Amino acid sequence: MHIEKIETKEYNEFLREIKDQIVNAQIKTALTVNRELLKLYWNLSKQIIEKQEKASWGEGILDSISHDLQKEFPHMKGFSVRNLQYIKKWYKYWFQIAPQLVAQFGEDFLFSIPWGHHREILSKTKKMEEAIFYIAKTIENSWSRNVLVLQIESGLYLRQGGAITNFKEKLPMIHSDLARETLKDPYCFDFLTLTEEYNERELEDKLVENITKFLLELGQGFSYIGRQYKIEVSDKEFYIDLLFYHVKLHCYVVIELKAGEFKPEYIGKLNFYISVVDDILVDKKIDKPTIGILICKSKDNTIVEYSLRNIEKPIGVSEFKLSEILPEEYKNSLPSIQEIEAELDLEEK
């Protein structure tokens with residue numbers, strides 16, 4: 001049967017709208033299924049614990065329940081003894097504080113992320129405040145399980161909002177709080193492989209090469225504009241290391257990178273860039289004040305605080321950390337990603 005394909009712009013837009021509706025329906029269905037599954041787990045744990053207490057049943061009851069449920073529902077996952085143990089642990093961890101979580105976040109807070117995410121949070125966090133933080137961030141950012149694990153293992157909970165800034169003094173309260181929350185100290189650049197004698201340009205090159213991972217480390221809301229972004233003042237050219245726009249803060253973000261220890265003069269240069277961006281790029285009707293972020297290898301907090309004193313532009317100073325440093329003599333001897341992929345293709349054939 002021959003079907004005459006319609007290729008008009010109107011039809012393509014109509015088809016895209018239908019596809020979007022289908023995808024949205026699939027997402028809503030998946031979220032509903034996940035929510036009901038977690039509620040089932042919650043009630044199942046509650047009932048098992050109550051029965052164990054009243055009937056003096058030991059842990060052996062989990063073996064019986066697992067066997068009977070898997071026999072009755074052979075195509076339904078989640079009833080292994082190990083998972084039932086996790087379900088009990090999850091319920092015991094949260095049930096006492098559940099009313100406060102409902103009051104603060106809503107009744108579905110604990111039921112809004114997949115079960116696999118809960119298991120990772122339970123096994124990898126040390127404090128309840130940290131666990132709550134990662135649940136909230138997963139909901140806010142729609143993290144996959146792999147991204148969640150990456151954020152936990154990189155210590156996001158301890159790093160977020162830790163940079164030294166003058167945001168509280170130089171930005172409106174709401175804007176200040178949100179801006180401080182976007183900064184981390186230190187930033188984790190473990191996805192980079194640099195030579196031991198790396199400089200700012202190599203650091204910048206590697207960050208741009210890994211822009212997706214860099215944006216993930218920066219956090220939600222950062223939109224990449226460019227590197228070595230040219231600005232002109234009095235017929236002279238200047239270049240900003242990295243320029244972003246933050247869609248939540250509604251402002252430009254100027255990032256300067258320094259491969260060494262913080263120096264007070266870095267603030268003056270960053271302050272200059274912010275002033276120029278405010279004048280030539282910012283739309284005063286839409287955009288909030290431009291923010292500057294200086295990311296350096298190390299810093300003395302007292303020197304940073306003195307350097308930010310009396311600075312009118314909002315600036316934050318943070319460190320970065322690296323775990324992979326490549327000795328210079330090996331830099332040119334290692335195969336590229338393309339070469340490795342080519343070798344793998346040959347092996348498969």
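Whatever comes next refers back to the structure up there.
Every chain begins its residue count from 1, and numbering advances along the sequence as written. At least 70 in pLDDT is required for a residue's local features to be given in this predicted model, at least 80 for side-chain atom pairs to be given and counted, and no such filter applies to totals for whole chains, interfaces and linings, which use all residues. For side-chain calculations, the full set of non-hydrogen atoms in the structure is used, while hydrogens and water are omitted.

(A) Fine view of unusual backbone geometry. If you check the backbone angles, Gln228 has positive phi at about 45 degrees while not being a glycine. Secondary structure elements follow DSSP: runs of H or I of four or more residues count as helices, runs of E of two or more count as strands, with numbering from the N terminus. Among the structural elements, Gln228 can be located in strand β4 (residues 222-233).

(B) Seen up close, the packing of aromatic side chains. What counts as a ring pair is set by centres within 6.5 Å for rings of Phe, Tyr and Trp (its six-membered ring), and what kind of pair is set by the plane angle: stacked under 30 degrees, edge-to-face over 60, tilted for all other angles. Tallied over the entire structure, the rule returns 18 aromatic pairs. With 5.3 Å between their ring centres and 75 degrees between their planes, Tyr41 and Trp115 make a pair best called edge-to-face. Here Tyr41, found in helix α1 (residues 9-55), pairs with Trp115, found in helix α5 (residues 115-124); they are 74 residues apart in sequence, far enough to count as distant. Relative accessible area decides the class of each residue, using a 1.4 Å probe on protein chains only: under 20% of the type maximum gives buried, over 50% gives exposed, and in between gives partly exposed. Look at Trp115 and you get buried, because its relative accessible area is 9%. Judged by centre distance (5.3 Å) and plane angle (75 degrees), the ring pair of Trp90 and Trp115 falls under edge-to-face. Here Trp115 lies in helix α5 and Trp90 lies in helix α3 (residues 81-94), a separation of 25 residues in the sequence. An identical accessibility class is assigned to Trp90 and Trp115; each is buried. Think of it as a cone above the ring: NZ of Lys or CZ of Arg counts as a charge over the ring if it is within 6 Å of the ring centre and within 35 degrees of the ring normal. In this structure, Lys258 is placed above the aromatic ring of Tyr266, and the distance from its NZ or CZ to the ring centre is 4.7 Å.

(C) α1, seen in detail. An expected span of 1.5 Å times one less than the residue number is assigned to each helix. The end-to-end C-alpha distance of α1, which contains 47 residues, comes to 68 Å, matching closely the 69 Å that a straight helix rising 1.5 Å per residue would cover. Pairs of residues are marked as contacts when any of their non-hydrogen atoms sit within 4.5 Å. Next to the buried residues of α1 lie α2 (60-72), α3, α4 (98-105) and α5. Immediately beyond the C-terminal end of α1, within one or two residues, lies Ser56, with a positive phi of roughly 55 degrees.

(D) Examining the environment of Val149 more closely. Tracing the sequence through the fold places Val149 in helix α7 (residues 145-153). The buried category is assigned to Val149, whose relative accessible area is 16%. C-alpha of Val149 to C-alpha of Glu120: the two residues are 29 residues apart in sequence and 7.0 Å apart in space. In contact with Val149, other than residues within four places in its own chain, are Glu120 and Lys124.

These figures come from the coordinates and say nothing about function on their own.
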